[in-house]
Amino acid sequence: MRIGIDEIFGPVLCIKRVKDFEEGLAIMNASEFANGSSIFTQSGYYAREFARRTHAGMVGVNVGIPVPISVFSFSGHKNSFFGDLHVMGADGIAFYTETKAVTTHWFSEEEKRETKVGTWDGTMFRT
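Residues numbered from 1 in each chain as written. Predicted model: local features only at pLDDT ≥ 70, side-chain atom pairs only at ≥ 80, totals over all residues. Heavy atoms only, no water.

Asker: Whenever I open this one, the packing of aromatic side chains confuses me. Can you help?
Answerer: Ring pairs (aromatic) are described by centroid distance and by the angle formed between their planes. Under the definition given, this model contains 2 aromatic pairs. An angle of 75° between the planes, with centres 5.1 Å apart, marks the rings of Y45 and Y46 as edge-to-face. In this structure an aromatic cluster arises from ring pairing among F21, Y45 and Y46. (Phe/Tyr/Trp six-rings, centres within 6.5 Å; stacked < 30°, edge-to-face > 60°.)

Printed below as a string of C-alpha cells:
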C-alpha cells in the first residue's frame with residue numbers, strides 16, 4: 001500500500017507487524033522519509049534505544065504525535081527536510097544541522113490503573 005511508502009499527513013494510522021524491535025527499527029529507518037516516529041513501551045531500555053537510533057527528526061515515547069512546541073524544529077530528516085533550513089525555531093539559524101527532539105510520557109502505577117489518563121506531564125530534552 002502507498003501508506004507504507006509515501007509520507008502521509010492527516011488522521012491516518014499505519015500498522016505493520018514485525019517480529020521484533022530490530023526489524024521494526026530497520027524498516028522504519030529504511031524509509032526515504034524521517035519526519036516523526038513514536039514508540040509505546042514501558043521499557044526504559046527500548047525507549048532510549050528508539051530515541052537514539054531512529055532517524056526521525058521528531059520522536060515520541062508514549063506520545064502519539066511527537067510535535068513539540070515551536071522552539072524546536074518542525075521538520076524531519078532525509079526527504080522530510082523542508083527547504084534549506086528547518087521551518088521554525090533556532091534551527092532556522094543553523095545551516096545543515098541534524099537535531100532530534102524527543103518527547104516522552106511515562107505513566108505512574110496509579111495512572112496505569114485508571115481508565116482515563118490525565119493531562120500530559122512528561123519531559124522534553126534535546127540530543
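Alright, that's what it looks like, and here's the rest.
Asker: What should I look at first to understand the nonpolar core in this one?
Answerer: Within soluble globular proteins, side chains that are nonpolar tend to cluster in buried spots. By size, the foremost hydrophobic cluster in this structure holds 9 residues: F21, L25, I39, A47, F50, A51, V59, V61 and V102. Counting residues per element, the ones that place at least two in this core are α1 (21-29), α2 (44-53) and β3 (58-61). If near-sequence neighbours (up to four positions away) are discounted, A51 is found in contact with V59, K100 and V102. (Core = buried A, V, L, I, M, F, W, Y, C linked by side-chain atoms within 4.5 Å. Buried < 20%, exposed > 50% of the residue type's maximum accessible area, 1.4 Å probe, protein only. Helix = DSSP H or I, 4+ residues; strand = E, 2+ residues; numbered from the N terminus. Contact = heavy atoms within 4.5 Å.)

Asker: Can you walk me through the pattern of salt bridges in this structure?
Answerer: Once the charged atoms of two side chains with opposite charge are near each other, the side chains can pair. Scanning the model with the defined rule gives 3 salt bridges in all. As a salt-bridge pair, E22 and R53 come within 2.6 Å of each other at their nearest N and O atoms. One end of the pair, E22, is in helix α1; the other, R53, is in helix α2, and 31 residues separate them in sequence. Among the salt bridges present, the one from E49 reaches R52, with a minimum N-O distance of 3.0 Å. Separated by 3 residues within a single helix, E49 and R52 lie in helix α2, roughly one turn from each other. For E49, a relative accessible area of 13% puts it in the buried group. Where salt bridges share partners, they join E22, E49, R52 and R53 into one cluster. (Salt bridge = Lys/Arg side-chain N within 4 Å of Asp/Glu carboxyl O.)

Asker: Explain the layout of surface pockets to me, please; I cannot follow it from the model alone.
Answerer: In this approach, a probe sized like a water molecule rolls over the atoms, and the result shows the empty space that is left. Its boundaries defined by the atoms lining it, the largest pocket holds a volume of some 1,600 Å³. Along the wall of the largest pocket there are 41 residues; nearest its centre are C14, M28, G36, S37 and S38. Elements that contribute at least two residues to the lining of the largest pocket include exactly α1, β1 (33-34) and β2 (36-39). Per-element tally for the lining of the largest pocket: the top contributor is α1, with 6 residues. For the lining of the largest pocket, a count of residues per class yields 24 nonpolar, 12 polar and 5 charged. (1 Å grid on protein atoms, 1.4 Å probe; cavity = no way out; pocket = protein on both sides within 12 Å on 5 of 7 lines; lining within 4 Å. Points joined across faces, edges and corners; volume = space filled by probe spheres on them. Nonpolar A, V, L, I, M, F, W, Y, C, P; charged D, E, K, R; others polar.)

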